Amino acid sequence: MHLDHDPAAPAAQEIGFDDFLKVDIRVGTIVAADVYEGARKPSYKLRIDFGPGIGEKKSVGQVAALYSPEELVGRQVAAVVNFPARQIGKALSEVLTMGFADEEGRVVLFSPDKAVPNGSRLF
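The text that follows walks through the structure, step by step, so that each part is easy to find. Counting restarts for each chain: residues are numbered from 1 in the order of the written sequence. Predicted model: local features are reported for residues with pLDDT of at least 70 only, side-chain atom pairs are reported and counted for 80 or more only, and whole-chain, interface and lining totals are derived from all residues. Each side-chain value is worked out from all heavy atoms of the structure, with water and hydrogens disregarded.

Across the two faces of strand β2 (residues 44-49) the burial differs, with Tyr44, Leu46 and Ile48 buried and Lys45, Arg47 and Asp49 not buried at all. Two strands make a pair as long as DSSP finds a minimum of two bridges between them. Under the DSSP-based scheme used, a helix requires at least four consecutive residues in state H or I and a strand at least two consecutive residues in state E, with every element numbered from the N terminus. As paired strands, strand β1 (residues 25-35) and β2 are joined by 6 bridges and run antiparallel to one another. Along β2, the bridge assignment pairs Asp34 with Lys45. In this sheet, strand β3 (residues 56-61) lies alongside β2 in antiparallel orientation, the contact comprising 6 bridges. Directly across from Arg47, in β3, lies its bridge partner Lys58. The buried label applies to any residue whose accessible area, calculated with a 1.4 Å probe on protein chains only, is under 20% of its type's maximum; exposed applies above 50%, and partly exposed to all values in between.

Encoded structure:
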């Protein structure tokens with residue numbers, strides 16, 4: 001699922017702006033974070049509120065190495081909201097929560113540095 005995490009890797013194949021616009025990346029606020037028991041890698045089941053246009057969606061995030069559930073609730077994160085839902089073990093992930101790998105390969109969440117309205121689209 002993941003591409004090369006090497007920061008020195010070259011850029012991916014060039015795409016057109018219309019291709020970028022097809023990926024709907026929105027910000028939402030995590031309203032619940034629960035340990036995903038039985039996951040292969042330490043993960044949480046997240047519920048994220050994307051505001052009235054998108055609503056509340058579920059996501060599975062492999063972010064347990066750096067975040068506790070208490071740290072996540074109330075935090076705004078970016079997610080792709082127009083991928084098809086994906087079954088991850090026994091959990092259904094409706095959006096792809098976005099992050100970057102740190103030096104050890106742990107996921108650091110992608111978040112705005114100031115609060116923005118839930119549902120705001122990345123441009």
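Ranked by internal contacts, the top residues of the largest apolar core, which has 14 residues, are Ile30, Leu46, Ile48 and Leu72. Residue contributions to this core peak at 3 residues, all from β2. Residue contacts are defined here by distance: any two heavy atoms, one from each residue, within 4.5 Å place the two residues in contact. Setting aside chain neighbours within four positions, we find Leu46 in contact with Ile30, Ala32, Ala33, Lys57, Lys58, Ser59, Leu72 and Thr97. In this description, a nonpolar core means a group of buried Ala, Val, Leu, Ile, Met, Phe, Trp, Tyr and Cys residues linked to one another through side-chain atoms lying within 4.5 Å.

Such coordinate-based values are descriptive only and should not be taken to indicate function.
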